[in-house]
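Breakdown of the fold
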Amino acid sequence: MTLQHTQKERSAPRLRLGVNIDHVATIRNARGGNHPDPVRAAQIVAAAGGDGLTVHLREDRRHIRDDDLARVIEATGLPLNLEMAATDEMLEIALRFRPHAACIVPERREERTTEGGLDAAGQHNRLAPIVSRLVDAGVRVSLFIAPDPVQIEAAMRLGAPVVELHTGEYAHAEDDQVAIELRRITDMAALAVKNGIEPHAGHGLTYENVSPIAAIPQLAELNIGHYLIGESIFVGLDASVRRMRDLMDDAR
Ligand code: PXP
């Protein structure tokens, strides 16, 4: 191990990798049976060095279903991050299962994936009771927001301990826009920490674009799904998680 590597390790703590296993369930549901089982994916993620599991229980249950939640929570010792819409139904489920963390996301039935950040500023009154009930229940609440100071300020007002910065604009940017989007995420990670909020990031991250994000020293966690599950078709889930883990570690 080189001195430079040791110094890097000292300057930024280990970045956690949360693996979103929704798309294992997407493939399972395509045939209506039990294979491939997200529980098996959870166990492989744990063995490959993932730090957490993420699932999004959508209103239409298009991938993860209610009965997967308990099974995934029990499958490994890894913390579960439940992505959920700000609805009474999802709040009731989160309070029943008490995952380690809950990430509140915007959800529209017709979207293919979570396409934008939560309007934490505009939806304060809707979000406030949900955030406080989850926090009171000991669930670590995060808000999936655009890297925008207005949204960080709104997260502070809501008392959310964590924000997940949406990296979709960065992931889809081209040419000069990449640096602009990266700067926004870098600045908002710093602003969050300055205000006592733990910043995470995720959406659209791949082997090719993860390193500059992983190098942002304030970020504590990345949540990555689609690319890792897609890549696992070619190299296996163990190998895809390990490679992402290595890229993240090398960036620090
Ligand atoms: N974080 C949140 C809050 C998400 O909604 C998603 C997508 O489900 C991700 C991270 C992961 O995004 P991707 O699947 O593009 O890696």
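As a reminder, the structure under discussion sits directly above these lines.
Presented here is a report on the structure given in the accompanying data block.

This next bit is on the pairing of strand β7 (residues 198–202). Across the 5 residues of β7, 4 count as buried, placing the element largely inside the fold. In the sheet, strand β6 (residues 162–166) pairs with β7 via 5 bridges, with the strands oriented parallel. Each bridged residue has a counterpart across the sheet, and for Val 163 the counterpart in β7 is Pro 199. Where β7 lies against strand β8 (residues 221–224), 3 bridges are found, and the strand directions are parallel.

Take the pattern of salt bridges next. The tally for this structure, following the rule as stated, stands at 18 salt bridges. A salt bridge links Arg 28 to Asp 68; the shortest N-O distance between them is 2.8 Å. Of this pair, Arg 28 sits in helix α2 (residues 22–31) while Asp 68 sits in helix α4 (residues 66–75); the two residues are 40 residues apart in sequence, bridging distant segments of the chain. One exposure class covers both Arg 28 and Asp 68, and it is buried. The residue Asp 66 makes a salt bridge to Arg 61 at a minimum N-O spacing of 2.5 Å. One network of salt bridges, in which partners are shared, links Arg 14, Asp 51, Arg 245 and Asp 249.

This part takes up the site of the ligand. Close contacts around the ligand come from 14 residues, with Glu 83, Glu 164, Gly 204, Gly 225 and His 226 the closest. Between an oxygen atom of the ligand and a main-chain N or O atom of Gly 204, the distance comes to 2.8 Å. In the complex, the protein chains occlude 94% of the 400 Å² of accessible area that the ligand would expose alone. Classifying every residue of the shell around the ligand by side-chain character gives 4 nonpolar, 8 polar and 2 charged.

Take the side chain of Asp 68 next. Its relative accessible area of 1% is what places Asp 68 among the buried residues. Residues contacting Asp 68, with those up to four places away along its chain left out, are Arg 28, Pro 38 and His 63.

What counts and how
- Residues numbered from 1 in each chain as written.
- Predicted model: local features only at pLDDT ≥ 70, side-chain atom pairs only at ≥ 80, totals over all residues.
- Heavy atoms only, no water.
- Buried < 20%, exposed > 50% of the residue type's maximum accessible area, 1.4 Å probe, protein only.
- Helix = DSSP H or I, 4+ residues; strand = E, 2+ residues; numbered from the N terminus.
- Pairing = 2+ DSSP bridges.
- Salt bridge = Lys/Arg side-chain N within 4 Å of Asp/Glu carboxyl O.
- Near = heavy atom within 4 Å.
- Polar contact = N/O pair within 3.5 Å; in protein donor to acceptor, adjacent residues only side chain to side chain.
- Areas by Shrake-Rupley, 256 points an atom, 1.4 Å probe, with all protein chains shown as cover.
- Nonpolar A, V, L, I, M, F, W, Y, C, P; charged D, E, K, R; others polar.
- Contact = heavy atoms within 4.5 Å.

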